[in-house]
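Listed here are the chains, written in short residue letters.
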Amino acid sequence: MIYLHPLSDFISSNLIITSAQPNYYYEGKCPQTGEIVRLPRTPLAEAIANSLMQQLEQNHLYSQEGKMYGILLVELPNGEQRVIKAFSGLLNGNSMLKGWVSPIPGREEVVLLETQTLAKLEAIKQEIISLEKLSEREEYKTLSAEYTQQLQALSLHHYRSKLQRQTQRQEFWQTLTDESLKIALEQLETESRLQGIERRHLKRRQNEILQPLQKIITSADQKIAALKQQRKQLSRHLQTEMHAAYSLTNFQGQSLSLQQLLPAGTPTGTGECCAPKLLHYAATHQLKPLAMAEFWWGNSTVEDKIQGEFYGACLERCQPLMGFLLSGFKPNNVEIIYEDEWLIAVNKSSGLLSVPGRYFHNQDSVISRLRYLYNQEIIAGHRLDQDTSGILLIAKDAVTYSQISKQFQKRQVSKVYEALLTGSLAINEGEINLPLWGNPDNRPYQEVNLAQGKPSLTRFCVMDREGDYTRVEFVPITGRTHQLRVHAADKRGLGMSILGDKLYGYHQNIRRLYLHARELKFQHPRVNKILHLQVKTPF
């Protein structure tokens, strides 16, 4: 499938991941259960997205228009991991491009209406531009400025004349009498009336010239307002039709239109963002989401986004859909057998790491899964081999971890394992005291080395003999790497490997290692009680 990209298209196999702690969660409330469903944005997802940014940077077509891009790390039914990628809206005028997930179904159903509506919207746009650029607007602006200047100059001249007349009146009252005073004052009044007439004439000429222009402009503005309202109605109608046609599917297999999901109305572009595209595609192609990351690339003149920055689900268009889209999504959980405010104990499955590895391909672990679940830093109190199942103890804080770790170091924790050996053991019980050494040139293989090995002690007893196999209970007194596996397989120990242990002598095709951490007994590090945890052996 051209949409499914191998991780090697983005990152190398020796990429080192320094943390598995998610930096963000896409989340929403499931409409059916009310449960908060969450999908993380992990450092691995961000590394994949950063690689995609480098690819976009090498192609100038992707920087011409700013938009959101996204990647979704998914797991195929066979357990393999792949990457799918998406862009928001259209890219260079196209809704579908090779290598990118297809848009949400529905656009093809309204393509004719969309084409017709877009043509009408373009015609309205051009008419609005034409009305906004009327020559009368510039003419009115120029003439209005000229008349304003003339009125200001005339007003200033009249004001100075008025002050001059006031001075003259005072002089006339002091120097003239009777008929000559009367004539002089009448001349001043006549001058004042003539200036008033002059001002009114100028305003009349201004109105005669500007009012016809103003009527044309007002009529154009009214038409622009009507066109904008018409444009809004056309856009709203198109969006309503598109949202009625667009159908989203979640991980429960439920499909609803955008109109059904958001009956109160939706902003333009809803359903065309990266996150809905990616999650809908995963849900309809039986792909299990592991992590997602979205980022902005290209110019950001409109959306005020920064190129290369990671962003969460947009509040208006994506976030309202998250609860529905993630409904039915089940993250890789672990079986929790005990929990309080300081400790978690889980029943780890065979094949799952206790803690994340250094490289991208071995990030899945008990700790990383619990970090996704709790959204906090937690610490493994001890380790179990990847192929060993059973009880694993985890601390919720550094103080609890330190106290638990000291109990393990001082051998104050009682551990009981159960295993199936590939043979019939002749003796019923005993102990194995063989020092173990890890050859640095052959990791993770451990071997018995009487000279360089660390003291290693295991007690055992036979529980049952089942045909060609022996069921054994192991109690490790020390806690060396692969201690039980080597003590069982080495000829100086029991001389028979644990069923499924391909590293120490069992080479047939068996799906798991038949070794299980069945019991754990220890002093609770924060309260005064002994905890004795037990789980059923799964074989």
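Residues numbered from 1 in each chain as written. Predicted model: local features only at pLDDT ≥ 70, side-chain atom pairs only at ≥ 80, totals over all residues. Heavy atoms only, no water.

- Naming follows an unreviewed UniProt entry, where the protein appears as RNA pseudouridylate synthase of Dolichospermum compactum NIES-806.
- In the Catalytic activity (unreviewed entry) part of its UniProt record, the protein is described as follows: "a uridine in RNA = a pseudouridine in RNA". (UniProt positions renumbered as here; feature names shortened; annotations may be inferred.)

Quick look at the overall build of the protein
Turning to step 1, where the next piece is worked out: Looking only at helices and strands, one finds 10 helices and 21 strands in the protein.
Turning to step 2, where the next piece is worked out: The C-alpha atoms of the protein give a radius of gyration of 41 Å, which is well past the 24 Å a tight globule of 539 residues would have.
Turning to step 3, where the next piece is worked out: By principal-axis analysis of the C-alpha atoms, the protein measures approximately 150 × 65 × 45 Å.
Turning to step 4, where the next piece is worked out: Relative to its full complement of 539 residues, the protein shows a buried share of 45%.
Turning to step 5, where the next piece is worked out: Across the protein, the fraction of contacts at a sequence separation of at least 24, relative to all contacts at a separation of at least 6, is 67%.
Turning to step 6, where the next piece is worked out: Accessible surface, the protein as shown: approximately 28,600 Å² in total, 49% of it carbon and sulfur. (Helix = DSSP H or I, 4+ residues; strand = E, 2+ residues; numbered from the N terminus. Rg over C-alpha atoms; globule rule 2.2 N^0.38 Å. Buried < 20%, exposed > 50% of the residue type's maximum accessible area, 1.4 Å probe, protein only. Contact = heavy atoms within 4.5 Å. Areas by Shrake-Rupley, 256 points an atom, 1.4 Å probe, with all protein chains shown as cover.)

Concerning the nonpolar core
Turning to step 1, where the next piece is worked out: The biggest cluster of nonpolar side chains holds 39 residues, and the ones touching the most others in it are Ile-394, Leu-421, Phe-474 and Ile-498.
Turning to step 2, where the next piece is worked out: Among the elements of the structure, strand S11 (343-348), helix H8 (366-374), strand S13 (389-395), strand S14 (414-421), strand S18 (457-466), strand S19 (469-476), helix H10 (483-489) and strand S20 (515-523) are those that each provide at least two residues to this core.
Turning to step 3, where the next piece is worked out: At 4 residues, the largest contribution of residues to this core is made by S14.
Turning to step 4, where the next piece is worked out: When residues no more than four places from it in sequence are discounted, the contact partners of Leu-421 are Asp-468, Tyr-469, Thr-470, Val-472, Phe-474, Ala-488, Leu-494, Met-496, Ser-497 and Ile-498.
Turning to step 5, where the next piece is worked out: Ranked by size, the runner-up nonpolar core spans 35 residues in total, among them Leu-72, Tyr-246, Phe-251 and Ala-313. (Core = buried A, V, L, I, M, F, W, Y, C linked by side-chain atoms within 4.5 Å.)

Things to note about the pattern of salt bridges
Turning to step 1, where the next piece is worked out: Scanning the model with the defined rule gives 20 salt bridges in all.
Turning to step 2, where the next piece is worked out: One salt bridge in this structure joins Arg-41 and Glu-46, with 3.0 Å as the shortest N-O distance.
Turning to step 3, where the next piece is worked out: With a relative accessible area of 14%, Glu-46 lands in the buried category.
Turning to step 4, where the next piece is worked out: Between Asp-501 and Arg-485 there is a salt bridge whose closest N-O contact spans 2.8 Å. Of the two residues, Asp-501 is situated in the loop between H10 and S20 and Arg-485 in helix H10; the sequence distance between them amounts to 16 residues.
Turning to step 5, where the next piece is worked out: Overall, Arg-485 belongs to the buried group, its relative accessible area being 5%.
Turning to step 6, where the next piece is worked out: Salt bridges linked by common partners bring Glu-418, Glu-466, Arg-471, Glu-473, Arg-518 and Glu-519 together as one network. (Salt bridge = Lys/Arg side-chain N within 4 Å of Asp/Glu carboxyl O.)

Here we look at helix H9 (residues 398-409)
Turning to step 1, where the next piece is worked out: The end-to-end C-alpha separation of H9 is 16 Å, in line with the 16 Å expected for 12 residues at 1.5 Å each.
Turning to step 2, where the next piece is worked out: Listed in full, the buried residues belonging to H9 are Thr-400, Ile-404, Ser-405, Gln-407 and Phe-408. Projected onto a plane normal to the axis of H9, the buried residues spread over an arc of 155 degrees and lie on a single side. Every exposed residue of H9 that faces more than 90 degrees away from the buried side is listed here: Ala-398 and Gln-409.
Turning to step 3, where the next piece is worked out: On its buried face, H9 is in contact with S11, S13, S14 and S20.
Turning to step 4, where the next piece is worked out: Count one or two residues on from H9 and you reach Arg-411, which has phi positive near 60 degrees. (Expected span 1.5 Å × (residues − 1). Arc of directions from axis to C-beta.)

A short note on the sheet that holds strand S9 (residues 310-311)
Turning to step 1, where the next piece is worked out: The antiparallel open sheet is built from 5 strands, whose spatial order is S1-S5-S4-S8-S9. Lying at the two open borders of the sheet, with one neighbouring strand each, are strand S1 (5-6) and S9.
Turning to step 2, where the next piece is worked out: In this sheet, strand S5 (residues 81-87) lies alongside S1 in antiparallel orientation, the contact comprising 2 bridges. Looking at S5, one finds that His-5 is bridged to Val-83.
Turning to step 3, where the next piece is worked out: Of the strands in this sheet, strand S4 (67-75), S5, strand S8 (288-297) and S9 touch helix H1 (residues 43-57), which is tilted by about 40 degrees from S8. (Pairing = 2+ DSSP bridges. Axes fitted to C-alpha atoms, helices over the stretch in contact; angles between N-to-C directions.)

Topic: the environment of Lys-502
Turning to step 1, where the next piece is worked out: Along the chain, Lys-502 turns up in the loop between H10 and S20.
Turning to step 2, where the next piece is worked out: Spatially, the C-alpha atom of Lys-502 lies 8.4 Å from that of Leu-513, the residues being 11 residues apart in sequence.
Turning to step 3, where the next piece is worked out: Beyond its immediate sequence surroundings of up to four residues, Lys-502 is in contact with His-507, Gln-508 and Ile-510.
Turning to step 4, where the next piece is worked out: Polar contacts involving the side chain of Lys-502 include one to the main-chain carbonyl oxygen of Ile-510, which spans 2.9 Å. (Polar contact = N/O pair within 3.5 Å; in protein donor to acceptor, adjacent residues only side chain to side chain.)

Things to note about the packing of aromatic side chains
Turning to step 1, where the next piece is worked out: Counted according to the given criterion, the structure contains 8 aromatic pairs.
Turning to step 2, where the next piece is worked out: Taking the centre distance of 5.7 Å and the plane angle of 50 degrees together, the rings of Tyr-69 and Trp-100 count as tilted. In this pair, Tyr-69 is assigned in strand S4 and Trp-100 in the loop between S5 and helix H2 (111-132), connecting sequence segments 31 residues apart.
Turning to step 3, where the next piece is worked out: Ring-pair connections join several aromatic residues into one group, and the members of that group are Tyr-69, Phe-87, Trp-100 and Phe-295.
Turning to step 4, where the next piece is worked out: If you follow Lys-85 out to its NZ or CZ, it ends over the ring of Trp-100, 4.4 Å from the centre.
Turning to step 5, where the next piece is worked out: Directly above the ring of Tyr-514 sits Arg-512, whose terminal nitrogen or CZ lies 5.8 Å from the centroid. (Phe/Tyr/Trp six-rings, centres within 6.5 Å; stacked < 30°, edge-to-face > 60°. Lys NZ or Arg CZ within 6 Å of the ring centre and 35° of its normal.)

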